[in-house]
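As a plain string of letters, each chain reads:
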Amino acid sequence: MPMFEGLGTGGEKTAVVIDLGAAYTKCGFAGESGPRCIIPSEIKKPDITQAIKVVQYNINTEELYGYLKEFIHMLYFRHLLVNPRDRRVVVIESILCPSHFRETLTKVFFKHFEVPSVLFAPCHLMSLLTLGINSAVVLDCGYTEALALPIYEGILILNAWEALPLGGKAIHKELQARLLEECTVDTGTNTGEGLASVMSSLPEETIEDIKVRTCFVSDLQRGEKIQAAKFNIDGKAERPQSPPDVAYPLDGERILHVKGSVRDSVIEMLFEQDNEEKSIATLILDSLLQCPIDTRKHLAENLVIIGGTAMLPGFLHRIMAEIRCLVEKPKYKEVLATKTFKVHTPPAKPNSVAWLGGAIFGALQDILGSRSVSKEYYSQTGRIPDWCCLNNPPLEMMYETCKAPPPLMKRAYSTEK
């Protein structure tokens, strides 16, 4: 139960804020400074050894409905410990979230848990609420992709978004391949055995822990040398000196030796340009080029970088160095016409900035009441309005003129009988 909820004038109860990410879910209450819990976005079945990811876009609706129902039930009755019928819900979503997923999630909230209202809020826009600004380029480096989206005067410039499938998932895949190929493990009887000869794969939780504890992002000059030595086109590139190896205990008997060359080079895949000269640093510049020319300078001076991948040591310093280096190249120098780039420091860790913005927005009860979709509206229409679709017909056109349209949200839910 939120702190000091019993105090006040008898208003409605604070909303539940849920940031349902591909890897981790942050949930808590509106008006608080941090989420109550951060848990993996997965459920466990007794007859299946491997956990099932909840955020899946390529499965049928009935199966997805069952997974979401079980996961949301766990959030409410194991972590938040509140009655879902008493509280509105703010869901932080990505702009790339498919419609069938958000519709299934809405059905779970309204049909199964009978919440009074649901509001879907884009994570890029919510992150700006934590800073008190209304214009910025927000780069969300998450688990499945990195997505850059400009926002000007509180309006998302949807035609200027840029994305690449570079995130925590891609790093984990690369790290596992490098560990199996290059690293050794000490067992109870033998030392220096290849990891691939001992085990065929590593659990993703172990790979993530190795990434967090041992890997880091090199600076620009060192990173360029590592990339040159990796491809070594002319045969003359030399790799800079590797950091020390790290002994990582896998269990009570086996100790994995993580090579220094793996620690400093596995993250370089985010900054290596592909055949189309795209990298995680070019996302920001390419999205700026698609913005109106009179907004570019203001947006370039307001950069916000969020997401769990952005928490890697040295990530922020490296991406700013990459941007300042790229902007001197002819592709951007002649068109962008600005060399000043500034990045904001949000008042929360990068992985929970969007959740904090949703908690701030959810605490504004009057605004939340007018923007949310109520249970009455959903029961009559059976649909959830798509915030990014400008072609939705107005409410008065969806009903006969003699009938009043359903309310979007009743103001004071706690006073209704």
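Use the structure listed above.
The structure reproduced in this document is the subject of the present report.

So, how was this worked out
Residues numbered from 1 in each chain as written. Predicted model: local features only at pLDDT ≥ 70, side-chain atom pairs only at ≥ 80, totals over all residues. Heavy atoms only, no water. Helix = DSSP H or I, 4+ residues; strand = E, 2+ residues; numbered from the N terminus. Buried < 20%, exposed > 50% of the residue type's maximum accessible area, 1.4 Å probe, protein only. Contact = heavy atoms within 4.5 Å. Areas by Shrake-Rupley, 256 points an atom, 1.4 Å probe, with all protein chains shown as cover. Pairing = 2+ DSSP bridges. Axes fitted to C-alpha atoms, helices over the stretch in contact; angles between N-to-C directions. Salt bridge = Lys/Arg side-chain N within 4 Å of Asp/Glu carboxyl O. Core = buried A, V, L, I, M, F, W, Y, C linked by side-chain atoms within 4.5 Å. Disulfide = S-S within 2.5 Å. Parallel < 35°, antiparallel > 145°, perpendicular 65-115°, else oblique. Nonpolar A, V, L, I, M, F, W, Y, C, P; charged D, E, K, R; others polar.

**Describing the overall build of the protein chain**
Then step 1. Counting its secondary structure elements, the protein chain contains 15 helices and 17 strands.
Then step 2. Within the protein chain, buried positions represent 47% of all 417 residues.
Then step 3. Considering only contacts within the protein chain whose residues lie at least 6 apart along the sequence, 68% involve residues at least 24 apart.
Then step 4. For the protein chain, the computed accessible surface area is about 20,700 Å², with 52% contributed by carbon and sulfur atoms.

**Quick look at the sheet that holds strand S13 (residues 193-194)**
Paired through their backbone hydrogen bonds, the strands of a sheet run either parallel or antiparallel.
Then step 1. Taken in spatial order, the four strands of this open sheet run S13-S12-S15-S14, and their pairing is antiparallel. Each edge of the open sheet carries a strand with a single partner, namely S13 and strand S14 (246-249).
Then step 2. Of the pairings in the sheet, the one linking strand S12 (residues 184-186) to S13 comprises two bridges and is antiparallel in character. Looking at the pairing, Val185 lines up with Glu193 of S13.
Then step 3. Contacting S14 and strand S15 (255-258), helix H6 (residues 204-214) runs over the sheet at an angle of about 145 degrees to S14.

**Some remarks on the pattern of salt bridges**
Opposite charge on two side chains makes pairing possible when the charged atoms of those side chains draw close.
Then step 1. If you walk through the whole model with that rule in mind, you get 19 salt bridges.
Then step 2. Among the ionic pairs, Glu182 bridges to Arg178, the shortest N-O distance being 2.6 Å. Here the residue Glu182 and the residue Arg178 both occupy positions in helix H4 (residues 168-182), the gap between them amounting to four residues, near one helical turn.
Then step 3. Here Asp264 ties to Arg239 by a salt bridge, and the two come within 2.5 Å at their closest N and O atoms. You can see Asp264 sitting in the loop between helix H8 (260-263) and helix H9 (282-289) and its partner Arg239 sitting in the loop between helix H7 (220-231) and S14, a full 25 residues away along the chain.

**Here we look at the nonpolar core**
What tends to happen in soluble globular proteins is that the nonpolar side chains get buried as a cluster.
Then step 1. Residues Leu179, Ile280, Phe315, Ile319 and Phe341 are the most contacted members of the largest nonpolar core, which totals 53 residues.
Then step 2. Counting residues per element, this core draws most heavily on helix H11 (residues 315-326), at five residues.

**Here's the deal with helix H13 (residues 353-363)**
Then step 1. The element H13 is extensively covered by neighbouring structure, given that nine of its eleven residues are classed as buried.
Then step 2. When we look at burial in H13, the residues that qualify are Val353, Ala354, Trp355, Leu356, Gly357, Gly358, Ala359, Phe361 and Gly362.

**Quick look at the environment of Val137**
Then step 1. With respect to the element layout, Val137 can be found in strand S8 (residues 136-141).
Then step 2. Through-space distance from the C-alpha of Val137 to that of Glu301 is 8.9 Å; in sequence the pair is 164 residues apart.
Then step 3. Each residue touching Val137, except ones within four places of it in the same chain, is listed here: Leu149, Pro150, Ile284, Ser287, Leu288, Leu299, Asn302, Leu303 and Val304.

**A short note on the state of the cysteines**
Then step 1. For the structure on display, the rule yields zero disulfides.
Then step 2. Cysteine Cys183 remains unbridged, with the sulfur of Cys215 as its closest cysteine sulfur at 9.4 Å.
Then step 3. The exposure class assigned to Cys183 is buried, which follows from its relative accessible area of 1%.

**With respect to the packing of H4 against H6**
Then step 1. Relative to each other, H4 and H6 sit at 90 degrees, their axes nearing to 10 Å. In terms of their interaxial angle, H4 and H6 are classed as roughly perpendicular. Listed contacts from H6 to Gly168, Ile171, His172, Leu175, Gln176 and Leu179 of H4 are Glu204, Ile207, Glu208, Ile210 and Lys211.
Then step 2. Partitioned by chemical class, the residues of the contact of H4 with H6 number five nonpolar, three polar and three charged.

**Points about the environment of Gly357**
Then step 1. Checked against the element boundaries, Gly357 lands in helix H13.
Then step 2. Sequence separation between Gly357 and Met126 is 231 residues; the distance between their C-alpha atoms is 4.5 Å.
Then step 3. For Gly357, the contacting residues outside a window of four places in its chain are Met126, Leu129 and Thr130.

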